[in-house]
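One-letter residues, chain by chain:
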Amino acid sequence: PAAPARPRGTPAASVTELTAVAARGWPGTETERLGDWTLRAAEGWTFRANSATRAARSAPGTPDTPELERLVDWYTARGLPPAIQVTTGAEDADELLDARLAALGWRARRPAVVQVGALAPLADRPEDPRVTVGRELSEEWLRGLAAARRAPRVARQVLAGGPSVWFALAPGGPDGPAAVGRCVVDGRWAGFAAVEVAEGHRRRGLATAVMAALARAALAEGASAAYLQVEPGNHAARALYARLGFTDHHHYHYPVAP
């Protein structure tokens, strides 16, 4: 899709900058540099932590496609499907690379939208006593994220990684937390992820309260801009983020080797 117009007050950023920041905020347990790309692996837990992502953009005229043979060998040696995070929908995105991979038979998987917004308006909300924020990734917090329950050891490593990580928790009961959320501060950016509200606690403003609490912590640390990733078909989440001031910046997906 064409790059959307940037509303007034929306943080300005290149795709390259946001991609690098987001990669630092959701790291693999193992990484290796391959030219302009970073290879990431985390025993298969999430595509984000188990795909190659662009770390830099070389000068015009240099090869834009990573060394596919070495990339495929690296992931195959770890028992993982070779995958590349490819961006689209913005001026400095990877449309040409996407076309090359498609011609080679790589299959696109798991599309997502990167959204950005100003941090201060999100933080400028009344504090909610249901939500606490801290540095500890507790066992209770992990119980609140369904994906983490599939591979708790690796999930803990990935979720605790990043430049400056905050965790928000709204206690629930014996079945687990009412809501959880995670934010990584990296310079001016605050990256939100893993915001999840338990089914019996939805429609009570907890997702907003969790994000606002994390935003206040990030703002106090010096961040001013926010980003997050959301699936295009997650209409409930997209509606929430729109109300909180987030707008689309670019798209990405994961071509996987045939």
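Relevant structure appears above.
Residues numbered from 1 in each chain as written. Predicted model: local features only at pLDDT ≥ 70, side-chain atom pairs only at ≥ 80, totals over all residues. Heavy atoms only, no water.

Trainee: How should I be thinking about the overall build of the protein chain in this particular structure?
Mentor: When you go through the protein chain residue by residue, the secondary structure sums to eight helices and eleven strands. By principal-axis analysis of the C-alpha atoms, the protein chain measures approximately 55 × 40 × 30 Å. Among the 258 residues that make up the protein chain, the fraction classed as buried is 50%. Of the contacts formed within the protein chain by residues at least 6 apart in sequence, a portion of 69% connects residues at least 24 apart. Roughly 12100 Å² of accessible area belongs to the protein chain as shown, and the carbon and sulfur atoms make up 53% of that amount. Averaging the coordinates of the 30 positive side-chain charges in the protein chain and doing the same for the 27 negative ones gives two points 4 Å apart. (Helix = DSSP H or I, 4+ residues; strand = E, 2+ residues; numbered from the N terminus. Buried < 20%, exposed > 50% of the residue type's maximum accessible area, 1.4 Å probe, protein only. Contact = heavy atoms within 4.5 Å. Areas by Shrake-Rupley, 256 points an atom, 1.4 Å probe, with all protein chains shown as cover. Lys, Arg positive; Asp, Glu negative; His and termini not counted. Charge placed at Lys NZ, Arg CZ, Asp CG, Glu CD.)

Trainee: How should the pattern of salt bridges be read in this particular structure?
Mentor: A side chain with one charge can pair with a side chain of the opposite charge if their charged atoms come near. A full pass over the atoms with the stated rule returns eleven salt bridges. The closest approach of N and O atoms between Asp186 and Arg24, which form a salt bridge, is 2.7 Å. A residue pair is termed long-range when its members are at least 10 positions apart, and Asp186 in strand 8 (residues 179–186) and Arg24 in helix 1 (residues 15–25) qualify at 162 residues. The partner of Arg135 in a salt bridge is Glu221, and the shortest N-O contact between them spans 3.6 Å. Of this pair, Arg135 sits in the loop between strand 6 (132–134) and helix 5 (139–143) while Glu221 is found in the loop between helix 7 (206–220) and strand 10 (225–230), placing the two residues 86 residues apart along the sequence. Arg135 sits in the partly exposed class, given a relative accessible area of 44%. Overall, the relative accessible area of 35% leaves Glu221 in the partly exposed class. (Salt bridge = Lys/Arg side-chain N within 4 Å of Asp/Glu carboxyl O.)

Trainee: Before we go on, may I ask you to explain the sheet that holds strand 10 in this structure?
Mentor: The pairing of strands in a sheet comes from backbone hydrogen bonds and takes either a parallel or an antiparallel form. Ordered by their spatial adjacency, eight strands build an open sheet running 4-11-5-10-9-8-7-6, and the pairing between neighbours is mixed. Only two strands of the sheet have a single partner each, and these edge strands are strand 4 (86–88) and strand 6. Neighbour-to-neighbour, the strand axes of this sheet turn through a mean angle of 25 degrees, independent of strand direction. As judged from the eight bridges shared by strand 5 (residues 107–118) and strand 11 (residues 247–256), these two strands associate in the antiparallel manner. Opposite Arg107, over in strand 11, you have Val256 as the bridge partner. Contacting strand 7 (165–170) and strand 8, helix 6 (residues 152–160) crosses the sheet at an angle of about 120 degrees to strand 7. (Pairing = 2+ DSSP bridges. Axes fitted to C-alpha atoms, helices over the stretch in contact; angles between N-to-C directions.)

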